[in-house]
Each structure stands twice: as C-alpha cells, then as structure tokens.
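# Notes for the structure review
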Amino acid sequence: MILIADSGSTKTDWSVVEKGELHQQIFTKGTNPFFQSEEEISNEIAQALLPQLGTDTFDAVYFYGAGCGFPDKIAMVHRALSKHLKILNRVEVSTDMLAAARGLCGHTPGIACILGTGSNSCFYDGEKIVSNVSPLGFILGDEGSGACLGKLLVGDILKNQMTPELKEKFLKQFDLTPGEIINRVYKKPFPNRFLASLSPFLMENLSEPSVRSLVTNSFKDFLTRNVMQYDYQHHKVHFIGSVAYYYKDLLTETCKEMGIQLGTIMKSPMKNLIKYHA
C-alpha cells in the first residue's frame, strides 16, 4: 500500500493506493515549506490527515509539493511525514512540478506547465526535469496563475482601470473594501491564496473587454517568459491546474496565436500519478 500526495499552496490531494487501485482519497489544506514551519506542516498531517486514514503504515510515500525544490525544504517535509507515518521502504519528496510532468507526460519528453494558485513550467525528458525557469512566486513571477490574476484584478479595480460598474460589482460580490484588500495582501498570511480566491470573478466576466485582455495578457506573459525558453517548436506544451482547466478555451486560443503546440490540459495529475507509480 502506498500514499501519494499532490500538494499546492491551496489544497493537498492524498491518495491511498493498493495494488494499483485508488483505495481512499483525502483532501487537506495546502502545504508549502516556504510559507509554513515544520511544526505547522507536522500539525496539519497529525490533525487533518491522520484521523481520516484507515492506517498509518505504508510501503512507500510519494509527496509532491509546492516549495519542495530545495534540500532544506525537502528535509522539512520528509521529517514531518516520517514523524507521523510508519513508512516501510521509501519516502520521496519532490516538487509539484515533477508531479505535473509525470502526470502529463508519463515517460514521454515534453514541456509541462502548472497554472493553478501559482504557476510553474519545465522541460521533462521522459524521466526527469532537465530545465526549469524559476516561477519566482506571485510577487516577482507566477504569470498566468490564480494568484497573479487576482493581483492584477485587484490592482486594476483599485486604480480605476475597470468600469465603475465592474468595481462596484466586485467589491459587493466579495464584501470587501479597499482597506480590507490591502490588509489581506500585506498583513495576513497566505496572500497568494486570498488573491487566487478572487480570480473566478474574471471567469464570470470574460465578456468584458478589460477582463478578457487582462487574462489573455497574463497567459501571454507566462508563455513568453517561461514556455518559450524551452524547445517549444519541437515539443508539445501540456498544462495542469485549475486555472488552465477552467480557462482552457482562452488558453487554447492564446497558445494558437503564439505558435505553441498545445498538448493535454488537465485539472489534476493524481489519476495519472497512480498509474505512474503502479
């Protein structure tokens, strides 16, 4: 029996797999060692995951997570998992980018991209990630992500770059004031989650030229600043994540306009990760 986790900044999808088949699926809050301490990660496992598991003993645990790209962060998550789970053979802690690549490409070379709360991309040779343009997070990068779209939306709303009607609609729909938005972004934890939670407003109002332009330009930025640094002319580009999935029509249109060979668009890699590890 193995345990596979796909963890972004917003949620973690845990799958208990027995003999190659999904036995149990559990969802908890997202885990990111860049924003959380080892104690916080450990507490989330103890309080949110363990009570729902039928067992704490596994042959192997494969944890794919946002922020798990550096040795010290990998070690944090490894210790937190080992503290609460009895793992008989191996613990593998890797980036959510590798989960996306394995889920999207399997054993075939390609360009894998994440467009969810955050964004990321890589060139995958069928076995490992061989090139990765650093996403840099929602302040310096994360183009096309939910957090980046939310940031751009809030900026345009508060700087009166959208119609008064849209501004009023936005503030009323989320029951927010300009002051509350500033406080949530600059003083509260997980501003990326907050900003990403606002991005569905863009989907609801895509018929507005200003909204459509904002989303399209953010996708173009993602493709230009990330994807086009790989060999995109000879490999298909695959996408995973909630933003890619729900905006797939606009994303498809943008890729076509920029000469990108679009491959698969999926919401989650878990189904294919189960096949990969089986």
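Here's what I pulled together on the structure shown here. (Residues numbered from 1 in each chain as written. Predicted model: local features only at pLDDT ≥ 70, side-chain atom pairs only at ≥ 80, totals over all residues. Heavy atoms only, no water.)

Following the criterion strictly, the structure yields 1 cavity of 30 Å³ or more and no others. Space inside the largest cavity adds up to approximately 60 Å³. Lining of the largest cavity is provided by W14, T28, T31, I41, E44, I45, L49, F63 and V77. Residue contributions to the lining of the largest cavity peak at 4 residues, all from helix α1 (residues 38-49). Here the lining of the largest cavity is composed, by residue class, of 6 nonpolar, 2 polar and 1 charged. (1 Å grid on protein atoms, 1.4 Å probe; cavity = no way out; pocket = protein on both sides within 12 Å on 5 of 7 lines; lining within 4 Å. Points joined across faces, edges and corners; volume = space filled by probe spheres on them. Helix = DSSP H or I, 4+ residues; strand = E, 2+ residues; numbered from the N terminus. Nonpolar A, V, L, I, M, F, W, Y, C, P; charged D, E, K, R; others polar.)

Before going further, it helps to spend a moment on the packing of helix α10 (residues 209-225) against helix α12 (residues 248-257). The interhelical angle for the contact between α10 and α12, taken along N-to-C directions, is 55°, at an axis separation of 10 Å. The orientation of α10 relative to α12 falls into the category oblique. As α10 runs across α12, the sense of the crossing is right-handed. Contacts from R212, V215, T216, F219, K220 and L223 in α10 reach L250, L251, E253, T254, C255 and E257 in α12. (Axes fitted to C-alpha atoms, helices over the stretch in contact; angles between N-to-C directions. Parallel < 35°, antiparallel > 145°, perpendicular 65-115°, else oblique. Left-handed = near helix turned anticlockwise from the far one by under 90°. Contact = heavy atoms within 4.5 Å.)

Bringing the sheet that holds strand β3 (residues 21-29) into the picture now. Taken in spatial order, the 5 strands of this open sheet run β3-β2-β1-β4-β5, and their pairing is mixed. Two strands lie at the open edges of the sheet, namely β3 and β5 (86-95), each paired on one side alone. Direction aside, neighbouring strands of the sheet carry axes that sit 15° apart on average. Pairing of strand β1 (residues 2-7) with strand β2 (residues 11-18) involves 6 bridges; the strand directions are antiparallel. Bridge pairing in β2 places D6 opposite D13. Docked against the sheet, helix α2 (residues 71-84) engages β2, β4 (57-65) and β5, running at close to 155° with respect to β5. (Pairing = 2+ DSSP bridges.)

Looking now at the pairing of strand β7 (residues 119-124). Among the 6 residues in β7, 6 count as buried, and that is most of the element. Of the two faces of β7, both are covered, the one formed by S119, S121 and F123 as well as the one formed by N120, C122 and Y124. Across 6 bridges, strand β6 (residues 110-115) lies against β7 in antiparallel orientation. Within the sheet, the bridge partner assigned to G110 lies in β7 and is Y124. The pairing of β7 with strand β8 (residues 129-131) spans 2 bridges and is antiparallel. The partner of F123 across the bridge, within β8, is S131. (Buried < 20%, exposed > 50% of the residue type's maximum accessible area, 1.4 Å probe, protein only.)

Now for a nonpolar patch on the surface. A cluster of nonpolar side chains, contributed by F34, F35 and F70, occupies part of the molecular surface with about 330 Å² of accessible area. Structurally, F35 is set in the loop between β3 and α1. Overall, the relative accessible area of 45% leaves F35 in the partly exposed class. (Patch = residues over 30% accessible without salt bridge, like charges linked within 9 Å, V, L, I, M, F, W, Y side chains within 5 Å. Areas by Shrake-Rupley, 256 points an atom, 1.4 Å probe, with all protein chains shown as cover. Salt bridge = Lys/Arg side-chain N within 4 Å of Asp/Glu carboxyl O.)

So, on to the sheet that holds strand β9 (residues 237-240). One open sheet accounts for 5 strands, arranged β8-β7-β6-β9-β10; its pairing is mixed. Single-partner strands in this sheet number two, and they are β8 and β10 (262-266). Neighbouring strand axes in the sheet, compared pairwise and without regard to direction, differ in orientation by 35° on average. Running over the sheet, helix α3 (residues 96-105) touches β6, β7, β8, β9 and β10 and is turned about 125° from β6. Packed on one face of the sheet, α10 meets β6, β7 and β9 and runs near 140° to β6.

No statement about biological role is implied by the geometric values presented.
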